[in-house]
Amino acid sequence: MTDTLAPTPKPGILDIAPYVGGKSSIAGVAEPMKLSSNENALGAGEMAREAYAAALKNIHIYPDGRATKLRNAVAEHHGLEPERLIFGNGSDEVFALLNQTYLTAGDNIVCGQYGFLAYQISAKACEATVRQAPEPNYKCEIDGLLALVDDRTRIVYVSSPSNPTGSYNTAEEIRRLHAALSPDVLLVIDEAYAEFVSEPDWETAFPLARHAANVVVTRTFSKIHGLGGLRIGFGYAPLAVAEAIDRIRLPFNVSVPGLEAATAALADEAHQTASRDLVQTWRPRLTQAIKGFGFDVLPSVGNFVLVIFPDQGLTAAAANEHLLSKGIIVRGVGGYGLPNALRITIGTEDQNRAVLDALSEFAAG
């Protein structure tokens with residue numbers, strides 16, 4: 001007989017709102033256009049797919065817990081020290097490992113109002129609090145972050161580029177933020193969409209991290225490389241941070257096919273170029289056209305655009321329903337406090353044209 005009382009989770013767990021991924025299906029539609037999760041519209045490159053297929057013969061063998069092959073490839077590709085790399089089941093796991101390593105009950109993290117929800121979820125699981133700096137212009141403000149830092153702040157998270165807003169922080173802003181933080185506060189810079197940025201005042205924070213004892217930079221293979229389903233991410237951290245995390249990281253947290261596919265993807269420069277070119281061609285086209293329909297589109301440096309709809313009349317909810325009726329799935333971002341917005345991944349040419357046709361029809365009433 002089953003007991004009626006289940007074990008009680010530790011404080012705060014049941015107060016955490018679970019992460020809800022982008023919708024992936026529409027009832028009655030066999031092959032919807034899924035533009036809800038910022039996936040690579042071109043998919044994975046052929047080199048990665050071939051490496052994945054070749055790895056199938058070894059899936060009965062545990063993966064290399066140190067991810068040596070991928071570690072060396074990432075280090076060479078980005079000019080980093082291999083021993084300072086942390087590999088995770090997506091960069092989400094790197095955030096969780098950082099929080100687990102450095103947060104205790106009563107500590108806090110600081111992030112922007114629209115920062116990636118994964119930072120918050122694992123911080124709350126560590127019984128830490130989350131302090132969110134307002135983003136009145138849909139961009140992480142350095143002074144706003146610093147105003148929330150106190151003697152219990154252990155980690156400051158910055159998404160640059162930021163999801164879901166598409167904004168970014170300049171290299172000068174990141175350096176100013178770091179200079180103002182105490183050495184015992186970890187600055188984590190999430191660069192998941194770095195490969196799509198072309199603005200001259202943005203720079204990767206790898207050089208900053210190389211010479212700082214409290215900076216971690218994270219990247220993912222889910223976006224430019226199209227390996228979202230294989231869950232591969234990494235962080236570049238001070239050696240002391242990497243060694244501390246290695247003490248709690250699960251020993252085989254990245255799969256054999258994932259390691260092989262990611263290593264191959266890193267070398268597939270043609271696929272990276274094609275993926276980047278698609279985004280940089282269509283991002284301004286979508287922005288201009290959707291603005292022409294009377295809706296606001298935030299400036300974006302990612303592989304998506306965020307469309308702001310009026311609070312009344314042609315609302316985001318109504319637009320979403322119209323897009324679904326056309327077989328197009330985009331992402332509502334009410335969970336980020338943006339109920340009047342939809343995030344639309346930049347797709348293939350056919351998908352992008354379908355989005356524009358649907359929004360044009362919606363705007364016309």
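Here the structure is shown first, and the text comes after it.
Before going into details, it helps to say that this report is about the structure given with it. (Residues numbered from 1 in each chain as written. Predicted model: local features only at pLDDT ≥ 70, side-chain atom pairs only at ≥ 80, totals over all residues. Heavy atoms only, no water.)

Some thoughts on the overall build of the protein chain
Argument step 1. If you tally the helices and strands in the protein chain, you get 12 helices and 13 strands.
Argument step 2. By its C-alpha atoms, the protein chain is 65 × 60 × 50 Å across when sized along the principal axes.
Argument step 3. By the burial criterion, 52% of the 365 residues in the protein chain qualify as buried.
Argument step 4. For the protein chain, restricting intrachain contacts to residue pairs at least 6 apart in sequence, the fraction spanning at least 24 positions comes to 74%. (Helix = DSSP H or I, 4+ residues; strand = E, 2+ residues; numbered from the N terminus. Buried < 20%, exposed > 50% of the residue type's maximum accessible area, 1.4 Å probe, protein only. Contact = heavy atoms within 4.5 Å.)

Looking at a nonpolar patch on the surface
Argument step 1. Together, Tyr52, Leu56 and Ile59 make up an exposed nonpolar region whose accessible area comes to about 280 Å².
Argument step 2. Structurally, Tyr52 can be placed in helix 1 (residues 46–55).
Argument step 3. Tyr52 gets classed as partly exposed once you look at its relative accessible area, which sits at 35%. (Patch = residues over 30% accessible without salt bridge, like charges linked within 9 Å, V, L, I, M, F, W, Y side chains within 5 Å. Areas by Shrake-Rupley, 256 points an atom, 1.4 Å probe, with all protein chains shown as cover. Salt bridge = Lys/Arg side-chain N within 4 Å of Asp/Glu carboxyl O.)

Some details on the nonpolar core
Argument step 1. Among the nonpolar cores identified, the biggest contains 41 residues, and Leu145, Val156 and Phe221 are the most heavily contacted of them.
Argument step 2. Ranked by the residues each element gives to this core, the list is headed by helix 9 (residues 256–267), at five residues.
Argument step 3. Non-local contacts of Phe221, meaning those with residues more than four positions away in its chain, are made with Leu70, Val74, Gly226, Leu227, Gly228, Ile232, Phe234, Ala262 and Leu266.
Argument step 4. If you look at the next biggest cluster of nonpolar residues, it comprises 32 residues, including Leu98, Ala123, Leu298 and Val333. (Core = buried A, V, L, I, M, F, W, Y, C linked by side-chain atoms within 4.5 Å.)

Focus: unusual backbone geometry
Argument step 1. In this chain, Ser160 is followed by Pro161 through a cis amide linkage whose omega measures 5°.
Argument step 2. Inspection of the secondary structure puts Pro161 in the loop between strand 5 (153–159) and helix 6 (171–180).
Argument step 3. With an omega of 20°, the peptide bond between Asn163 and Pro164 qualifies as cis.
Argument step 4. Relative to the helices and strands, Pro164 is located in the loop between strand 5 and helix 6.
Argument step 5. You will see that Glu127, though not glycine, has its phi angle at about 65°, which is positive.
Argument step 6. Take Glu127: it is sitting in the loop between helix 4 (117–125) and strand 4 (129–133).
Argument step 7. Using a relative accessible area of 33% as the deciding quantity, one classes Glu127 as partly exposed.
Argument step 8. Notably, Tyr138 is not glycine yet its phi reads approximately 60°, a positive angle.
Argument step 9. For Tyr138, the location among the structural elements is in the loop between strand 4 and helix 5 (142–148).

Observations concerning the sheet that holds strand 9 (residues 296–297)
Argument step 1. Taken in spatial order, the four strands of this open sheet run 9-10-13-12, and their pairing is antiparallel. In this open sheet, the two strands that pair with only one neighbour each are strand 9 and strand 12 (331–333).
Argument step 2. Both strand 12 and strand 13 (residues 338–345) contribute to a ladder of three bridges, which runs antiparallel. Of the residues in strand 13, the one forming a bridge with Val333 is Leu338. (Pairing = 2+ DSSP bridges.)

Details of the packing of aromatic side chains
By convention here, two paired aromatic rings are described through the distance between centres and the angle between planes.
Argument step 1. Considering all chains together, one arrives at 14 aromatic pairs under this definition.
Argument step 2. The ring of Trp282 has Arg285 lying over it, and the distance from NZ or CZ to the ring centre is 5.0 Å. (Phe/Tyr/Trp six-rings, centres within 6.5 Å; stacked < 30°, edge-to-face > 60°. Lys NZ or Arg CZ within 6 Å of the ring centre and 35° of its normal.)

Comments concerning empty space enclosed by the protein
Argument step 1. Enumeration over the complete set of coordinates arrives at five cavities of 30 Å³ or more.
Argument step 2. Taken as a whole, the largest cavity spans an internal volume of roughly 70 Å³.
Argument step 3. For the largest cavity, the full set of lining residues is Gly65, Arg66, Ala67, Arg71, Leu85, Ile86, Phe87, Ala242, Ile245, Asp246, Arg249 and Asn253.
Argument step 4. Those elements giving two or more residues to the lining of the largest cavity turn out to be strand 2 (85–88) and helix 8 (239–246).
Argument step 5. A class-by-class count of the residues in the lining of the largest cavity yields six nonpolar, two polar and four charged.
Argument step 6. When its volume is computed, the second largest cavity comes out at roughly 50 Å³.
Argument step 7. What lines the second largest cavity is simply Glu39, Asn40, Ala41, Leu42, Phe196, Ser275, Leu278, Val279, Asn303 and Ile346.
Argument step 8. Of the residues that constitute the lining of the second largest cavity, the class distribution is six nonpolar, three polar and one charged. (1 Å grid on protein atoms, 1.4 Å probe; cavity = no way out; pocket = protein on both sides within 12 Å on 5 of 7 lines; lining within 4 Å. Points joined across faces, edges and corners; volume = space filled by probe spheres on them. Nonpolar A, V, L, I, M, F, W, Y, C, P; charged D, E, K, R; others polar.)

Some thoughts on the sheet that holds strand 5
Argument step 1. Reading across the sheet, the seven strands line up as 2-8-7-6-5-3-4 and stay open at both edges, with mixed pairing between neighbours. In this open sheet, the two strands that pair with only one neighbour each are strand 2 and strand 4. Averaged over all pairs of adjacent strands, the angle between their axes in this sheet comes to 20°, without regard to strand direction.
Argument step 2. For strand 3 (residues 108–112) and strand 5, the ladder comprises three bridges, and the chain directions are parallel. Paired with Val110 across the bridge in strand 5 is Val156.
Argument step 3. Against the sheet, helix 3 (residues 91–102) makes contact with strand 2, strand 3, strand 5, strand 6 (186–190), strand 7 (215–220) and strand 8 (233–236), and its axis sits at roughly 165° relative to strand 5, the strand it touches most.
Argument step 4. Contacting strand 3, strand 4, strand 5 and strand 6, helix 4 crosses the sheet at an angle of about 170° to strand 3. (Axes fitted to C-alpha atoms, helices over the stretch in contact; angles between N-to-C directions.)

In short, shape yes, function no, at least from these values alone.
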